Amino acid sequence: MTTQAVEIPPGAPLTVLSEEEQMFQQSVRDFAIEKIRPLVPQMDRDATMSKDLIAAFFDLGIMGIEVPDRWGGAGSTFFNAVLVVEELSHVDASCGVLVDVQNTLVNNALLRWGNEDQKSKYLSLLAKDTVGAYALSEAGSGSDAFALATRAEEKGDHWVLNGRKLWITNAAEAEIFVVFANANPDAGYKGITAFIIERDFPGFNVGKKEDKTGIRASSTCELILEDCRVPRENVLGEIGKGYKIAIETLNEGRIGIGAQMIGIARGALEHAIAYTKERHQFGQRVADFQGVKFQISQAATELEAARLMVYNAARLKDAHKPFLREAAMAKLFSSQVCEQVTSLAVQLFGGNGYTKEYPVEKFWRDSKVGQIYEGTSNMQLDTIAKTILTERL
Ligand SMILES: Cc1cc2nc3c(=O)[nH]c(=O)nc-3n(C[C@H](O)[C@H](O)[C@H](O)COP(=O)(O)OP(=O)(O)OC[C@H]3O[C@@H](n4cnc5c(N)ncnc54)[C@H](O)[C@@H]3O)c2cc1C
């Protein structure tokens, strides 16, 4: 999908979308409802992403949203990536995160730090038919991300990497991996360096896949690097500047997680509204009890607040304005709202909500991860506190 960018008028409300944004939103919404929804229960049961769906994501042009059209991408905005992740997640959060990681972490890292050769080689593949993954976390290095133990050693015209990565989204499907390793442990975090690794590089293997509570169709695997040989030209950005790449990509990435969270919450709430309008107790629709109406109104209000925060952070990013605190707040709040709203949806389905016959328990399971990955809620609070205590409120 290559579209003409249309300006939104200055001062327009946050939820007013340009023609291009509406097109992206509508096409992905239709696709999610028609093509993804029928596959969701099976993919969740099997913990497997449909290969046909991945191919369809590429056909739809949503795997290279910000990639310029000279490399086969849609040449569009970060905001559109956010809309796409929201729309996918309102039907299936696993599809949402697959597309999110591709766009907001992998493509983003290459777009910002790749040289011309790297962009031409890898972004062309990532926009066309190749899934990417982003590997920072390790068993001993989660919130303390820069304590990573994976090492990179320079050996003539190549680097040799040794270590293990854990929790890597998309690893089962990916062919291209952005991997962080320390090339100079004596320099602490200033030794961290990013590398572009192809799946068939010698010494690189994808290990165990996690059996997860939610987003089960999204693969999460270990990576094993044993004397993994990486050509010198595959260093991404400068040696020792990987920490900057990691911080800055994740600052943007967490807006995408916020989008995933508002999508999940919306999906669950839509199901709950439909169900309570059908279900009768005490001779009337459940939706007509004042107690239930108020619960639904409260959930819709919190969802609207979360959406405004996510959209605002994304618009700030596209406008090249500071967005660090707004992104952290958006992810923190939207993931909290998502857990509450999906829990309410289960509650409003009564006993049916607690079974796999109905869709809401999956939304509830899918919601929790938003408070864990791309920085736990405590780490978001830490970021927010730093900016509040040192800058402005
Ligand atoms: C499904 C899934 C997919 C993932 N995908 C990826 C991926 O694609 N790439 C990748 O690199 N990583 C990925 N991750 C890893 C994820 O980013 C980490 O799990 C996350 O950063 C938390 O790290 P941890 O699990 O080691 O928890 P820990 O850091 O051990 O945290 C445990 C608890 O301690 C709290 N805590 C830790 N430090 C502090 C502190 N200073 N102050 C207050 N509280 C603190 C945390 O908030 C948390 O509640 C994924 C994780 C999951 C579950």
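The rules behind each value
Residues numbered from 1 in each chain as written. Predicted model: local features only at pLDDT ≥ 70, side-chain atom pairs only at ≥ 80, totals over all residues. Heavy atoms only, no water. Helix = DSSP H or I, 4+ residues; strand = E, 2+ residues; numbered from the N terminus. Rg over C-alpha atoms; globule rule 2.2 N^0.38 Å. Buried < 20%, exposed > 50% of the residue type's maximum accessible area, 1.4 Å probe, protein only. Lys, Arg positive; Asp, Glu negative; His and termini not counted. Charge placed at Lys NZ, Arg CZ, Asp CG, Glu CD. Contact = heavy atoms within 4.5 Å. Polar contact = N/O pair within 3.5 Å; in protein donor to acceptor, adjacent residues only side chain to side chain. Axes fitted to C-alpha atoms, helices over the stretch in contact; angles between N-to-C directions. Parallel < 35°, antiparallel > 145°, perpendicular 65-115°, else oblique. Left-handed = near helix turned anticlockwise from the far one by under 90°. Nonpolar A, V, L, I, M, F, W, Y, C, P; charged D, E, K, R; others polar. Near = heavy atom within 4 Å. Areas by Shrake-Rupley, 256 points an atom, 1.4 Å probe, with all protein chains shown as cover. Salt bridge = Lys/Arg side-chain N within 4 Å of Asp/Glu carboxyl O. Core = buried A, V, L, I, M, F, W, Y, C linked by side-chain atoms within 4.5 Å. Phe/Tyr/Trp six-rings, centres within 6.5 Å; stacked < 30°, edge-to-face > 60°. Lys NZ or Arg CZ within 6 Å of the ring centre and 35° of its normal. Expected span 1.5 Å × (residues − 1).

Caption draft 1: Inspection of the overall build of the protein at higher detail. When you go through the protein residue by residue, the secondary structure sums to 11 helices and 10 strands. Since a compact globule built from 393 residues should have a radius of gyration of about 21 Å, the 21 Å found for the protein is in line with a globular shape. Here the C-alpha coordinates of the protein stretch approximately 80 × 45 × 45 Å along the principal axes. Looking at the protein as a whole, 55% of its 393 residues are labelled buried. With 42 positive and 52 negative side-chain charges, the protein shows a spacing of 3 Å between the two charge centroids.

Caption draft 2: Looking closely at the environment of glutamate 87. Along the chain, glutamate 87 turns up in helix H4 (residues 78-89). Residue glutamate 87 is classed as buried on the basis of its relative accessible area, which comes to 0%. Distance in space between the C-alpha atoms of glutamate 87 and arginine 266 is 9.3 Å, their sequence separation being 179 residues. Setting aside anything within four residues of it in sequence, one finds glutamate 87 in contact with Gln25, Val28, Arg29, Ala32 and Arg266. Within the local environment of glutamate 87, its side chain forms a polar contact with the side chain of arginine 29, the two groups lying 2.9 Å apart.

Caption draft 3: Layout of the packing of helix H1 (residues 19-36) against H4. With their axes 9 Å apart at the nearest point, H1 and H4 run at an angle of 25 degrees to one another. Here H4 runs roughly parallel to H1, going by the angle between their axes. The handedness of the crossing between H1 and H4 comes out as right-handed. Only Phe79, Asn80, Leu83, Val84, Glu87 and Leu88 of H4 make contact with H1, whose side of the interface consists of Glu20, Glu21, Phe24, Gln25, Val28, Arg29, Phe31, Ala32 and Ile36. Of the residues assigned to the contact of H1 with H4, the class counts are nine nonpolar, two polar and four charged.

Caption draft 4: Main features of the site of the ligand. Inspection of the region around the ligand gives 19 residues, with Ser137, Ser143, Trp167, Thr169 and Thr376 positioned closest. Within the backbone of tyrosine 134, one N or O atom sits 2.8 Å away from a nitrogen atom of the ligand. The separation between an oxygen atom of the ligand and a polar side-chain atom of threonine 376 is 2.6 Å. Taken by itself the ligand offers 980 Å² of open surface, and the protein chains cover 64% of this. Mapped by element, the contributors of at least two residues to the shell around the ligand are strand E1 (132-135), strand E3 (158-169) and helix H11 (377-390). Per-element tally for the shell around the ligand: the top contributor is E3, with three residues. Here the shell around the ligand is built from residues that sort into 10 nonpolar, seven polar and two charged.

Caption draft 5: The arrangement of the pattern of salt bridges in detail. Counting across every chain of the model gives 28 salt bridges. For lysine 317, the salt bridge goes to glutamate 252, with nearest N and O atoms at 3.7 Å. Residue lysine 317 is located in helix H8 (residues 290-318), and its partner glutamate 252 is located in helix H7 (residues 242-278); the two are separated by 65 residues in the primary sequence. Here the two residues lysine 317 and glutamate 252 agree in accessibility, since each one is buried. Here lysine 368 ties to glutamate 339 by a salt bridge, and the two come within 3.7 Å at their closest N and O atoms. With a gap of 29 residues between them, lysine 368 in the loop between helix H10 (360-367) and H11 and glutamate 339 in helix H9 (residues 324-348) connect regions that are remote in the sequence. With relative accessibility at 36%, the residue lysine 368 sits in the partly exposed group. One network of salt bridges, in which partners are shared, links Arg29, Glu86, Glu87, Arg266, Glu270, Glu304 and Arg307.

Caption draft 6: Region of the structure containing the nonpolar core. In this structure, Phe57, Leu161 and Ile197 are the most contacted members of the largest nonpolar core, which totals 120 residues. Here the element with the most residues in this core is H7; it accounts for 14 residues.

Caption draft 7: Looking closely at the packing of helix H5 (residues 93-113) against helix H6 (residues 116-128). For the pair H5 and H6, the least separation of the axes is 9 Å and the interaxial angle reads 160 degrees. It follows from the interaxial angle that H5 and H6 lie roughly antiparallel. In this structure, H5 meets H6 at a crossing whose hand is left-handed. Residue-level inspection shows Gln102, Val106, Asn107, Leu110, Leu111 and Trp113 of H5 in contact with H6, the latter providing Gln118, Lys119, Tyr122, Leu123 and Leu126. Partitioned by chemical class, the residues of the contact of H5 with H6 number seven nonpolar, three polar and one charged.

Caption draft 8: Layout of the packing of aromatic side chains. Tallied over the full model, the rule gives 12 aromatic pairs. Centre to centre, the rings of tyrosine 275 and phenylalanine 349 are 4.1 Å apart; their planes meet at 20 degrees, and the pair counts as stacked. With tyrosine 275 in helix H7 and phenylalanine 349 in the loop between H9 and H10, this residue pair connects regions lying 74 residues apart in the sequence. Exposure remark for tyrosine 275: the relative accessible area of 13% places this residue in the buried category. With a centroid separation of 6.1 Å and 90 degrees between ring planes, the pair formed by phenylalanine 282 and phenylalanine 289 is classed as edge-to-face. Through pairs of rings, three or more aromatic residues link up here, namely Phe146, Tyr189 and Tyr243. The ring of phenylalanine 79 carries the charged tip of arginine 315 above its face, separated from the ring centre by 3.7 Å.

Caption draft 9: Highlighting H8. Its 29 residues give H8 an end-to-end C-alpha distance of 42 Å, which sits within 8% of 42 Å, the value for a rise of 1.5 Å per residue. Histidine 320 lies just past H8 and shows a positive phi near 60 degrees.

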